[in-house]
Amino acid sequence: MDDRGRLPPSPTRVANPRRAGRAIRRLSFAIERRLPRGAGIMAASALLLATLGYGVVKGGHADWVGVQFAEARDGIANTVGFRVDTIALTGQKQLTREEILGIAGVTGRTSLLFLNADDARARLKANPWIADATLLKLFPDRLHIAITERRALALWQKEGRVRVVARDGVVVEPFVAPHVAHLPLVVGKAANVKAFD
């Protein structure tokens, strides 16, 4: 307090409001000159996209968004002329055409441009009936799939369960279907491999 009983002016109080207003305008003008035109819109858009991305990942929707993006991408490629119109399939005996195309991930909406042949081949080879697979993309609209199937050679009994096995010992079916019931029976641990040595 001063000698008249008044409190000293607040340290946050501006002595001259006009001077403070001019300083703020000068600072605002300097920032606007240094930033490119539309920087505010870009910053707001980036914040919005970051928020959406965080929500998608945190909410567990990333797979769904990926599928939607892939379908949109395939749709655009199909419109431009990269739709798979002709599929040549060779080598199948046990598996049907629909099973092979389903395993490879080829649908009616698949575009040849974005079909990953390596991934499709890996999915085909993961099937126990398929020993090898080859995919050829013949642009703009043809796909050739050649597979080499394993041949069922024996029934293998182990621990009371019977499975169908191929020459290399791979179990091709976990049960005995009527069309393979005539195959020879091998019994015991590792008999699926040793029987053909």
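As the structure is a computational prediction, the values presented were derived from the model and not from experiment.

Thoughts on unusual backbone geometry
Piece 1. Each neighbour pair has its own omega, and for F139 with P140 the value is 15°, a cis peptide bond.
Piece 2. With respect to the helices, strands and loops of the structure, P140 is situated in the loop between strand 2 (130–138) and strand 3 (142–149).
Piece 3. Unusually for a residue other than glycine, E159 sits at a positive phi of about 55°.
Piece 4. Phi is positive for A190, which is not a glycine, with a value near 60°.
Piece 5. Looking at the secondary structure, you find A190 in the loop between strand 7 (185–187) and helix 6 (191–194).
Piece 6. The exposure class assigned to A190 is partly exposed, which follows from its relative accessible area of 29%.

Section: the pattern of salt bridges
A pair can form between side chains of opposite charge whenever their charged atoms are brought close.
Piece 1. One pass over the full model with this rule turns up four salt bridges.
Piece 2. With a closest N to O distance of 2.8 Å, D132 and R121 form a salt bridge. Of this pair, D132 sits in strand 2 while R121 sits in helix 5 (residues 117–126); the two residues are eleven residues apart in sequence, bridging distant segments of the chain.
Piece 3. For D132, a relative accessible area of 31% gives the class partly exposed.
Piece 4. K125 is the partner of D132 in a salt bridge, and the nearest nitrogen-oxygen pair spans 3.9 Å.
Piece 5. Put simply, R121, K125 and D132 are held in one network by salt bridges that share partners.

Quick notes on helix 3 (residues 62–80)
Turn by turn, an α-helix covers 3.6 residues, leaving residues three or four places apart pointing in a common direction.
Piece 1. Relative to the 27 Å expected for 19 residues at 1.5 Å per residue, helix 3 spans 27 Å between its end C-alpha atoms, a close match to the ideal helical length.
Piece 2. Restricting attention to buried positions, one finds in helix 3 the residues D74, A77 and N78. Viewed end-on, helix 3 has its buried residues packed into an arc of 100°, placing them on one side of the element. The outward face of helix 3, more than 90 degrees from its buried face, is lined by the exposed residues W64, F69, I76, T79 and V80.
Piece 3. Positive backbone phi, at 125°, marks G81, one or two positions downstream of helix 3.

Details of the pairing of strand 3
Looking along a regular strand, one sees side chains alternate from face to face of the sheet.
Piece 1. Every second residue of strand 3 is oriented toward a common face, the buried set being L143, I145, I147 and E149 and the non-buried set R142, H144, A146 and T148.
Piece 2. Examined bridge by bridge, strand 1 (residues 86–90) and strand 3 share five bridges and lie parallel to one another. Counterpart to A88 in the pairing with strand 3 is H144.
Piece 3. Judged from the eight bridges that link them, strand 2 and strand 3 form a sheet pairing that is antiparallel. Each bridged residue has a counterpart across the sheet, and for I130 the counterpart in strand 3 is E149.
Piece 4. Linking two consecutive strands that pair antiparallel, namely strand 2 and strand 3, is a turn of three residues.

Some remarks on the packing of helix 4 (residues 97–104) against helix 5
Piece 1. Following both chains from N to C, one finds helix 4 and helix 5 inclined at 125°, their axes separated by 8 Å at the closest point. Classified by the interaxial angle, the pair formed by helix 4 and helix 5 is oblique. For the pair helix 4 and helix 5, the contacting residues are I100, I103 and A104 in the first and A120, R123 and L124 in the second.

Rules of the game
Residues numbered from 1 in each chain as written. Predicted model: local features only at pLDDT ≥ 70, side-chain atom pairs only at ≥ 80, totals over all residues. Heavy atoms only, no water. Helix = DSSP H or I, 4+ residues; strand = E, 2+ residues; numbered from the N terminus. Buried < 20%, exposed > 50% of the residue type's maximum accessible area, 1.4 Å probe, protein only. Salt bridge = Lys/Arg side-chain N within 4 Å of Asp/Glu carboxyl O. Expected span 1.5 Å × (residues − 1). Arc of directions from axis to C-beta. Pairing = 2+ DSSP bridges. Axes fitted to C-alpha atoms, helices over the stretch in contact; angles between N-to-C directions. Parallel < 35°, antiparallel > 145°, perpendicular 65-115°, else oblique. Contact = heavy atoms within 4.5 Å.

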